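The chain contents come next:
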Amino acid sequence: MMLLRRYVMSAVLKGVAITLAVLVSVFSVIAFVGELNDVGTGDYGLGDALAYVALRVPRVVFETMPAAALIGSLLGLGNLAVHRELIVMRASGVSVAQLAGAVALAGFALTVVMALLGESLAPSLGAYAREMRTQALSDDVDLADGQSAWLKAGNRILNLRRQAGEFGYGGGVLLFELAEDGGLAQIARADAAEVGPDDRWVLANYGETTFGAERITARTEREAVLEYDLDAELLSLAVVREDLLDTPALRDYIRYLRANDLDARRYEVAYWGRMADIVSVTLMTVLALPFVFGGLRSAGAGARLLVGLVIGLGYYVAGEMLESSGEVYNLDPLIVAWAPSAVLVLFTAVALGRIR
């Protein structure tokens, strides 16, 4: 049984590896073509575009892993079914539960890989790629060892600071406004920044000091919404983006928002959604088994690919719709994140139960 388990796992992993290679290649080519429009802007050259796309490959792998797990499993197991190998295994006394266990072990290995990518590699390389691209595109951005960014827009100068072990630019945001005579008119600070509707800045724990002709005034706000005339690429440097935070940093940022009575829903949905996506990889691999025992037993690779795309797309669309509905109806982040996976568990259990 050990030999058969390894054989099934090998077939699944090979199918997923091929599928991942194809998906990553397609998405990378599309991303590179999209970057060609910016080549030649500032110091952004062809080599920078290639480096940007390459640094984002771990993130692409992380995002496409659930769909690749299903499609690859369908292709790998389907190949075994076409050659009647699964039928021989069943006739030899191998139960459905044992086959499902072997497939689940392959799925668990993929889950570990995806968890490691989401833990640090994909977010950190994605953040570095974004900073590298923005610095090359913009002449008025200065990054100091990736720890600080200086931006200038009109009479405003902004310093976005990153501290070791902190989330995004959670190290703080400093804002300086100059008077017409070149003197300092205002200085402000915030713990972190986000971009709200209409490209407005949402600054957490905001405090400012204004230097008037006769007096100095100061004010503080828990959350301030301000408008700055900044390019969208520059603006993105100040955003604490959930997709560019590794898992520990995302947890820390959620705790920070809760401790300061700030809205953490968006980041809670992202955190639990990340956990649900990681778990879904194992579910997707197991889900492929009922299909290769059913109507797709003798079907071609095209038919199995179509089924995988439909289910994978349905899972993605359901998650996006539920996330949007959660924002509108104020649903619990746990429900928003885990509902598609819960449906997937139920569907997989029913499908396995129908195998004869």
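Just above, that's the structure.
Bear in mind that the values here come from a model prediction, so they are computed numbers and not experimental data.

J.: How should the pattern of salt bridges be read in this particular structure?
T.: Working definition: two side chains of opposite charge can pair if their charged atoms are close together. If you walk through the whole model with that rule in mind, you get 11 salt bridges. For Asp-243, the salt bridge goes to Arg-59, with nearest N and O atoms at 2.4 Å. Residue Asp-243 is found in the loop between α6 (232-235) and α7 (247-259), and its partner Arg-59 is found in helix α3 (residues 57-82); the two are separated by 184 residues along the sequence. For Asp-243, a relative accessible area of 22% translates into the label partly exposed. Relative accessible area serves as the criterion here: at 14%, Arg-59 is assigned to the buried category. Connected through shared salt-bridge partners, Glu-35, Asp-38 and Arg-133 make up one network.

J.: Is there a simple way to think about the nonpolar core in this case?
T.: Here is a general trend for soluble globular proteins: nonpolar side chains tend to be buried in one another's company. In this structure, Leu-77, Leu-86, Leu-99 and Leu-289 are the most contacted members of the largest nonpolar core, which totals 46 residues. Listed by contribution, the elements that provide at least two residues to this core are α1 (2-35), α3, α4 (85-91), α5 (96-137), α8 (265-293) and α9 (301-329). For Leu-77, the residues in contact, after removing those within four places along its chain, are Val-8, Val-12, Leu-86, Val-103, Ala-288, Leu-289 and Val-292. In terms of nonpolar packing, the next biggest core, distinct from the first, is built from 14 residues, Ala-204, Ala-249, Tyr-253 and Ala-270 among them.

J.: What should I look at first to understand α3 in this one?
T.: Since one α-helical turn is 3.6 residues long, residues separated by three or four positions face the same way. Here α3 contains 26 residues, and its C-alpha end-to-end distance of 33 Å is more than 12% below the 38 Å for a straight helix at 1.5 Å per residue. Its maximal kink placed at Met-65, α3 deviates by approximately 55°, while the proline Pro-66 follows within four residues. Most of α3 sits out of view: 20 of its 26 residues are buried. Following α3 by one or two positions, Arg-84 has its phi on the positive side, about 65°.

J.: Is there a simple way to explain the pairing of strand β4 (residues 172-178) in this structure?
T.: Regular strands have side chains that alternate between both faces of the sheet. The pairing of β4 with strand β5 (residues 184-190) spans 6 bridges and is antiparallel. For Leu-175, the partnering residue across the bridge sits in β5 and is Ala-188. Taken together, β4 and the strand that follows it, β5, pair antiparallel across an intervening segment of 5 residues, in which Gly-182 is found at a positive phi of about 90°.

J.: Can you walk me through the packing of aromatic side chains in this structure?
T.: The description of two aromatic rings rests on the distance between their centres and on the angle between their planes. If you walk through the whole model with that rule in mind, you get 2 aromatic pairs. Taken together, a centroid distance of 5.0 Å and an interplanar angle of 75° make the contact between Tyr-271 and Trp-272 edge-to-face. Taking relative accessible area as the criterion, Tyr-271 reaches 13% and is therefore assigned buried. Its guanidinium or amino end placed over the ring of Tyr-44, Arg-133 lies 5.7 Å from that ring's centre, counting from NZ or CZ. The side chain of Arg-133 reaches across the aromatic face of Tyr-52, ending 5.5 Å from its centre.

J.: Whenever I open this one, the environment of Leu-226 confuses me. Can you help?
T.: Mapped onto the elements of the fold, Leu-226 is located in strand β8 (residues 216-226). The exposure class assigned to Leu-226 is buried, which follows from its relative accessible area of 18%. On a C-alpha basis, the gap between Leu-226 and Val-195 in space is 9.8 Å, while along the polypeptide they are 31 residues apart.

J.: Which parts of the structure should I look at to understand a nonpolar patch on the surface?
T.: A cluster of nonpolar side chains, namely Val-29, Val-33, Leu-36, Val-39, Leu-46 and Leu-50, defines an oily patch on the protein surface of about 500 Å² accessible area. Listing elements by their share of the nonpolar patch, those giving two or more residues are α1 and α2 (46-55). Mapped onto the elements of the fold, Val-33 is located in helix α1. Residue classification places Val-33 among the partly exposed positions, given a relative accessible area of 48%.

J.: In this structure, what is going on with the packing of α5 against α8? I would like to understand it.
T.: Axes are the key here: two packed helices are described by the angle between their axes and the distance separating the axes. Put simply, α5 and α8 touch, their axes get as near as 8 Å, and they point 150° apart. Considering the angle they form, α5 stands roughly antiparallel to α8. The way α5 lies across α8 gives a crossing that is right-handed. Here Val-96, Leu-99, Ala-100, Val-103, Ala-104, Gly-107, Phe-108, Leu-110, Thr-111, Met-114, Ala-115 and Gly-118 of α5 come into contact with α8, specifically with Arg-274, Asp-277, Ile-278, Val-281, Thr-282, Thr-285, Val-286, Leu-289 and Phe-293. Among the residues forming the contact of α5 with α8, the class breakdown is 14 nonpolar, 5 polar and 2 charged.

J.: Would you explain the pairing of β8 in this entry?
T.: With 10 bridges joining them, strand β7 (residues 201-211) and β8 adopt antiparallel strand pairing. Bridge pairing in β8 links Thr-209 to Ala-218. Between β7 and β8, which pair antiparallel one after the other, the connecting turn spans 4 residues.

J.: What exactly am I supposed to notice about unusual backbone geometry here?
T.: Trans peptide bonds make up the majority, and among non-glycine residues the majority have a negative phi. Even without glycine at this site, Arg-84 takes up a positive phi of about 65°. Its location among the elements puts Arg-84 in the loop between α3 and α4. One non-glycine residue, Asn-205, lies in positive phi territory at about 50°. If you trace the backbone, Asn-205 turns up in strand β7.

How each quantity is defined
Residues numbered from 1 in each chain as written. Predicted model: local features only at pLDDT ≥ 70, side-chain atom pairs only at ≥ 80, totals over all residues. Heavy atoms only, no water. Salt bridge = Lys/Arg side-chain N within 4 Å of Asp/Glu carboxyl O. Helix = DSSP H or I, 4+ residues; strand = E, 2+ residues; numbered from the N terminus. Buried < 20%, exposed > 50% of the residue type's maximum accessible area, 1.4 Å probe, protein only. Core = buried A, V, L, I, M, F, W, Y, C linked by side-chain atoms within 4.5 Å. Contact = heavy atoms within 4.5 Å. Expected span 1.5 Å × (residues − 1). Bend = angle between axes of the 7 residues up to and from the residue. Pairing = 2+ DSSP bridges. Phe/Tyr/Trp six-rings, centres within 6.5 Å; stacked < 30°, edge-to-face > 60°. Lys NZ or Arg CZ within 6 Å of the ring centre and 35° of its normal. Patch = residues over 30% accessible without salt bridge, like charges linked within 9 Å, V, L, I, M, F, W, Y side chains within 5 Å. Areas by Shrake-Rupley, 256 points an atom, 1.4 Å probe, with all protein chains shown as cover. Axes fitted to C-alpha atoms, helices over the stretch in contact; angles between N-to-C directions. Parallel < 35°, antiparallel > 145°, perpendicular 65-115°, else oblique. Left-handed = near helix turned anticlockwise from the far one by under 90°. Nonpolar A, V, L, I, M, F, W, Y, C, P; charged D, E, K, R; others polar.

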